[in-house]
Amino acid sequence: MLLGVNIDHIATLRNARGGVEPSPVLAAEICEQNGATSITTHLREDRRHIKDEDVRTLIKTIKTKLNLEMAVTDEMQKIALEIMPASVCLVPEKRQEVTTEGGLDVAGQLEKITKFVKPLKDAGIVVSLFIDPAAEQVRASAKTGAQFIELHTGCYSNAFGKDSEEKEFQKLFEAAKLAQSLGLRVNAGHGLNYENVFRMHEIPDLYELNIGHSIVSKAVFTGLAQAVSEMKELIK
Ligand code: PXP
């Protein structure tokens, strides 16, 4: 199973001061040096973390693959066709949300999404649809021409360790099986962390996990001791 790292929250931290540190480009390099097989960034309509310049620099510096998460809008399609990431992951986007809350309603917008996928695919960009683990969404995704789905693991992640864990896990399991039987490749992500990720191995042939928040959160604490002692040394 491959690991795609989402570096959006490196940009969140940088933007808190409006400067250049910490650099998403350097973060991507470190992720790649340590086994990430792709780097994901979500260029949101409100540009709250990753900015256009970040994506334009990352496409030149990334050595693995850039996976661009984006909403189904003309603006984003234009940017993707210009930048040409290895893949795009189409997500729903609401201005007020803290993070991507649910999956894309592919079944309810089949014609629109099918039309949206075609020029991206024709240009050679691999297209993935971020969907909830529901049979109707999987079936609709298979009709759009997209090669991948990414299963939204948020409900499973929230249910982990609770009574509903098994039910949420089974939804992912069944959705993955159905998708694979329809010829789709399956990624997964959202809310995965160092406790709940291990069950992803129970789902056969998952291709890639996309993980961001828990990795960036852990990086703060694995690096804090060194950061403090280096500063202490400097001011001695
Ligand atoms: N996959 C998709 C489609 C997402 O929108 C996100 C969050 O931006 C992730 C994966 C990563 O989620 P998390 O930051 O919770 O690991």
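None of these values were measured; they are calculated from a predicted model. (Residues numbered from 1 in each chain as written. Predicted model: local features only at pLDDT ≥ 70, side-chain atom pairs only at ≥ 80, totals over all residues. Heavy atoms only, no water.)

Caption draft 1: Seen up close, the pairing of strand β8 (residues 208-211). Neither face of β8 is open: one carries Glu208 and Asn210, the other Leu209 and Ile211, and all of them are buried. Note: strand β1 (residues 2-6) against β8, 4 bridges, orientation parallel. What sits directly across from Leu2, in β8, is Glu208. Pairing of strand β7 (residues 185-189) with β8 involves 2 bridges; the strand directions are parallel. Residue Ala188 lies in a different strand from β8, and its bridge partner there is Leu209. (Buried < 20%, exposed > 50% of the residue type's maximum accessible area, 1.4 Å probe, protein only. Helix = DSSP H or I, 4+ residues; strand = E, 2+ residues; numbered from the N terminus. Pairing = 2+ DSSP bridges.)

Caption draft 2: Region of the structure containing the nonpolar core. In this structure, Ile7, Met70, Val88, Leu90, Leu129 and Leu151 are the most contacted members of the largest nonpolar core, which totals 57 residues. Looking at this core, the element that brings in the most residues is helix α8 (residues 165-181), giving 7 residues. Once you skip the residues sitting within four places of it in the chain, Leu90 turns out to touch Met70, Val72, Leu104, Phe116, Val117, Val127, Ser128, Leu129 and Phe130. (Core = buried A, V, L, I, M, F, W, Y, C linked by side-chain atoms within 4.5 Å. Contact = heavy atoms within 4.5 Å.)

Caption draft 3: Spotlight on the site of the ligand. Every one of the 13 residues lining the ligand counts as a neighbour, but Glu69, Glu150, Gly191, Gly212 and His213 are closest to it. Between the ligand and the protein, one listed contact pairs an oxygen atom with a backbone N or O atom of Gly191 at 2.8 Å. Interatomic distance of 2.9 Å between a backbone N/O atom of His213 and an oxygen atom of the ligand. Calculation on the ligand without its partners gives an accessible area of 400 Å², and the protein chains cover 94% of this total. Of the residues belonging to the shell around the ligand, the class tally is 3 nonpolar, 8 polar and 2 charged. (Near = heavy atom within 4 Å. Polar contact = N/O pair within 3.5 Å; in protein donor to acceptor, adjacent residues only side chain to side chain. Areas by Shrake-Rupley, 256 points an atom, 1.4 Å probe, with all protein chains shown as cover. Nonpolar A, V, L, I, M, F, W, Y, C, P; charged D, E, K, R; others polar.)

Caption draft 4: Fine view of unusual backbone geometry. For the bond from Glu21 to Pro22, the omega torsion is -5 degrees, close enough to zero to count as cis. Note on placement: Pro22 falls in the loop between α1 (8-17) and α2 (24-33). In this structure, Met84 takes a positive phi of about 55 degrees despite not being glycine. Positioned with a positive phi, Asp205 is a non-glycine residue whose angle comes to about 60 degrees. Within the fold, Asp205 resides in the loop between β7 and β8. Note on Asp205: relative accessible area 66%, which makes it exposed.

Caption draft 5: The pattern of salt bridges, seen in detail. Per the counting criterion, the structure on display carries 14 salt bridges. When the shortest N-O distance is used, the salt bridge between Asp52 and Arg47 registers 2.5 Å. Residue Arg199 is joined to Glu202 by a salt bridge in which the shortest nitrogen-to-oxygen separation is 3.0 Å. Taking relative accessible area as the criterion, Glu202 reaches 37% and is therefore assigned partly exposed. Residues participating in the shared-partner salt-bridge network are Glu165, Glu166, Arg199 and Glu202. (Salt bridge = Lys/Arg side-chain N within 4 Å of Asp/Glu carboxyl O.)

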